[in-house]
Amino acid sequence: MSPRIAILALLVAAGFTTGTGAAELRPAVTVSDETVTLGDIFDDAGKAASVVVAPAPAPGARAEISVSRISLAARRNGIDWRNDAGLTHIVIGRSGVAVPDDDVAAAISSAIEAQSSALPSASTLQVDFANGMAGVQVADGDEPTVKVEQLSFNHRSGAFTAILRAPAGDMLSPLRRVAGRAYPVTDVPVLTRDMQPGEVVRQHDIDWVRLPSNRVGQNIVTSLEHLVGMSPRRPARAGEPMRIADMQPPLVVDKGAQVDMTFVSGALTLTARGRALESGAVGDIVSVLNIRSNRTVQGVVEGPNMIRIDAPGAARAASLARGNSPS
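Keep in mind it's a predicted model, so treat the numbers as computed, not measured.

**Topic: the sheet that holds strand β4 (residues 62–66)**
Right, so step 1: Spatial strand order, β1-β5-β4: three strands in an open sheet with mixed pairing. The strands lining the two open edges of the sheet, one partner per strand, are β1 (28–31) and β4. Adjacent strand axes in the sheet meet at a mean angle of 30 degrees when their direction is disregarded.
Right, so step 2: One ladder, built from four bridges, connects β1 with strand β5 (residues 89–94); its direction is parallel. Within β5, the position partnered with Thr30 by the bridge is Gly93.
Right, so step 3: Its contacts with the sheet put helix α3 (residues 67–76) on β4 and β5, and the angle it makes with β4 is roughly 60 degrees.

**Notes on a negative patch on the surface**
Right, so step 1: Taken together, Asp33, Glu34, Asp140, Asp142, Glu143 and Asp170 make up a surface patch of like negative charges.
Right, so step 2: On the secondary structure map, Asp33 appears in the loop between β1 and β2 (35–37).
Right, so step 3: Judged by relative accessible area, which is 51%, Asp33 ranks as exposed.

**Brief notes about the pattern of salt bridges**
Pairing of side chains with opposite charge becomes possible as their charged atoms draw close.
Right, so step 1: Per the stated rule, a full pass over the model turns up nine salt bridges.
Right, so step 2: A salt bridge links Asp187 to Arg210, with the nearest nitrogen and oxygen atoms 2.9 Å apart. On the criterion of sequence distance, the pair formed by Asp187 in strand β11 (residues 175–191) and Arg210 in strand β12 (residues 206–212) is long-range, its members being 23 residues apart.
Right, so step 3: On the basis of relative accessible area, Asp187 is assigned to the partly exposed category, the value being 33%.
Right, so step 4: Overall, Arg210 belongs to the partly exposed group, its relative accessible area being 44%.

**A word on the pairing of strand β20 (residues 295–303)**
Walk down a regular strand and you will see the side chains alternate between the two sheet faces.
Right, so step 1: Direction of pairing for strand β19 (residues 285–290) relative to β20: antiparallel, over a ladder of six bridges. Within β20, the residue paired with Val286 across the bridge is Gly299.
Right, so step 2: The pairing of β20 with strand β21 (residues 306–309) spans four bridges and is antiparallel. What sits directly across from Val301, in β21, is Ile307.
Right, so step 3: In this antiparallel pair of consecutive strands, β20 and β21, the connection spans two residues, and Asn305 shows a positive phi of 55 degrees.

The rules we used
- Going along each chain's sequence as written, the residues are numbered from 1 onward.
- With pLDDT at 70 or above as the cut-off, local features in this predicted model cover only qualifying residues; side-chain atom pairs require 80 or more to be listed or tallied, and sums for whole chains, interfaces and linings still use all residues.
- Based on all heavy atoms of the structure, the side-chain values leave hydrogens and waters out of the count.
- A pair of strands is considered paired only if DSSP assigns at least 2 bridges between the two.
- What counts as a helix is a DSSP run of H or I of at least four residues, what counts as a strand is a run of E of at least two, and both are numbered from the N terminus.
- Axes, fitted as lines to C-alpha atoms, cover a helix only where it is in contact. Angles between the N-to-C directions of the axes lie from 0 to 180 degrees.
- In what follows, residue pairs with any heavy atoms lying within 4.5 Å of each other are defined as contacts.
- Patch membership needs two things, relative accessible area over 30% and no salt bridge, and members are linked within 9 Å if like-charged or within 5 Å if nonpolar (Val, Leu, Ile, Met, Phe, Trp, Tyr).
- Using a 1.4 Å probe, accessible areas were evaluated by the Shrake-Rupley method; residue-level cover was limited to the displayed protein chains.
- Should a side-chain nitrogen of Lys or Arg be within 4 Å of a carboxyl oxygen of Asp or Glu, the pair is scored as a salt bridge.
- When charges are counted, Lys and Arg are positive and Asp and Glu negative, with His and the chain ends excluded.
- Here the site of a charge means atom NZ of a Lys, CZ of an Arg, CG of an Asp or CD of a Glu.
- Three exposure classes are used, based on accessible area relative to the maximum for each residue type with a 1.4 Å probe and protein chains only: buried under 20%, partly exposed in between, and exposed over 50%.

Bear in mind that shape data such as this cannot, by itself, settle questions of function.
This is the structure we're talking about:
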């Protein structure tokens, strides 16, 4: 026997073979197709690489394949492999493209709204997933769309279970089960900074927060018309919902300020100086001390330090304006 032949014989006896005999099983792999092949799970499957071992899991999901199943497929297709690592199964993952959670939530919200007309006005549905995210994916290259095929919704607790198809238009696409809770919410304007009485709320002072609708009473400010251009009656904290009663038009008359009192009756206009006994916004009725007569009269705030006197009678009003005692 020649030396070369002797060396080859020793290699064969030791189990060192070429080709598929050197194949090694991967304990975990990720595939992109609908099937798992011997080429996916062995590092060198040779001519048997295209042989299908099992269907792949849904996009984004994982599954297990038993090593006994793999061993049978390997022997049938000429792969000389031994389970030296003692594996019982391998993990198969499938790549995919995530459907945005917002799109999944919108589809579920629409399906719930179609079943129920009892939602509070000006409310939308907040959809919270049980696992924190929907986790719906489609295969690489497919449109990331979703359709609700079945829906179970508890109106009292808000719990839901939805069976989804993704992509939405593919009737052969796998179905996914998603669970969670849906409940009505209302967007509420809040202040972005602490504010004091007398400060005027501007557009840039406002942010929006979303609250469960059952926490938004009829006295809570839900629109900008009750906030922009208004002033808090008491110190207001940033980020907290405001009550309608907490807001008022900005004060244009301060308590103790010198004011101009005006009475108009036809062509007659009388004016006098006074001192405001209380603060007020435009339209408020405040008490004013006539400085000349030292008498108190009530008037309507018309502007900064401007008071319109609506006396019971013209004679009394004119007398007060001139500083004389009424007859």
